[in-house]
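# What the coordinates show
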Amino acid sequence: MNKILKYLLLLSALIPATGLVLMRLPGIVEILNHYNIQEENASISDGRITELITIILGIMGYIGLIKLALNFADKPDKSVLFFLIAGVASFVLLLGPYELYWKRVFTIERPGEWFLLVWPTIVSILFIVRTGWGLTQKNTQTSE
């Protein structure tokens, strides 16, 4: 993949992903503030745990995009692949089993919302395939 195209794709994904991460960071603080460690039976409700996991996976995906942008050597990296997969898992978990949300993704009613939520995931999937392919090629070359 051409380096210019790579960095344009990454930049186009990092801009909305940065906004998402900044919007979700207060969510972590709020969830953890409601978790009272002093109580003997302290717990977070199931919905809040899912939300917390989604936020953490999303941040991991963001880290994967940043690591990819900083990888100037253009060498496939397993950790980048792991972080990008976590980000895609965050997106799938965010939408969950709710048919309404999946319809929203595929019926682009609000282009800004679509760009914010879906584009970083599409770019991550492209780089997951590219990185996975690069790692596969690297492994077959070393085994020969």
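First things first, this report covers the structure right here in the doc. (Residues numbered from 1 in each chain as written. Predicted model: local features only at pLDDT ≥ 70, side-chain atom pairs only at ≥ 80, totals over all residues. Heavy atoms only, no water.)

As a further point, take the overall build of the protein chain. Broken down by element type, the protein chain carries six helices and zero strands. Burial statistics for the protein chain: of 144 residues in total, 32% are counted as buried. Within the protein chain, counting contacts between residues at least 6 apart in sequence, those at least 24 apart form 68% of the total. Summed over all atoms, the accessible surface of the protein chain reaches about 9400 Å², with 67% contributed by carbon and sulfur. (Helix = DSSP H or I, 4+ residues; strand = E, 2+ residues; numbered from the N terminus. Buried < 20%, exposed > 50% of the residue type's maximum accessible area, 1.4 Å probe, protein only. Contact = heavy atoms within 4.5 Å. Areas by Shrake-Rupley, 256 points an atom, 1.4 Å probe, with all protein chains shown as cover.)

A few words on the nonpolar core. Among the nonpolar cores identified, the biggest contains 18 residues, and Leu-10, Leu-65, Leu-68, Leu-84, Val-123 and Phe-127 are the most heavily contacted of them. Listed by contribution, the elements that provide at least two residues to this core are α1 (3-34), α2 (46-70), α3 (78-95) and α6 (119-143). (Core = buried A, V, L, I, M, F, W, Y, C linked by side-chain atoms within 4.5 Å.)

This part is about the packing of aromatic side chains. A full pass over the atoms with the stated rule returns one aromatic pair. Plain terms: the ring middles of Phe-82 and Phe-83 are 5.6 Å apart, the flat faces sit at 70° to each other, and that makes the pair edge-to-face. (Phe/Tyr/Trp six-rings, centres within 6.5 Å; stacked < 30°, edge-to-face > 60°.)

Moving on, we get to α1. Residues separated by three or four positions in an α-helix point in the same direction, a consequence of the helix having 3.6 residues per turn. Under the 1.5 Å per step criterion, the end-to-end length of α1 is 45 Å for 32 residues, consistent within 8% with the ideal 46 Å. The set of residues buried in α1 consists of Lys-6, Leu-9, Leu-10, Ala-13, Leu-14, Pro-16, Ala-17, Val-21, Gly-27, Ile-28 and Ile-31. (Expected span 1.5 Å × (residues − 1).)

A few words now on α3. Taking 1.5 Å per residue as the helical rise, α3 with its 18 residues ought to reach 26 Å, and the 26 Å between its terminal C-alpha atoms agrees with that figure. For α3, the set of buried residues is Val-80, Leu-81, Phe-83, Leu-84, Ala-86, Gly-87, Val-88, Ser-90, Phe-91 and Leu-95.

Two side chains of opposite charge can pair, provided their charged atoms sit close to one another. One pass over the full model with this rule turns up one salt bridge. Measuring nitrogen to oxygen at the nearest pair gives 3.1 Å for the salt bridge that ties Glu-51 to Arg-24. One end of the pair, Glu-51, is in helix α2; the other, Arg-24, is in helix α1, with 27 residues separating them in the sequence. In this structure Glu-51 comes out as partly exposed when scored by relative accessible area, which is 22%. (Salt bridge = Lys/Arg side-chain N within 4 Å of Asp/Glu carboxyl O.)

Of note, Thr-54 is situated in helix α2. For Thr-54, a relative accessible area of 9% translates into the label buried. Once you skip the residues sitting within four places of it in the chain, Thr-54 turns out to touch Ser-90, Leu-93 and Leu-94.

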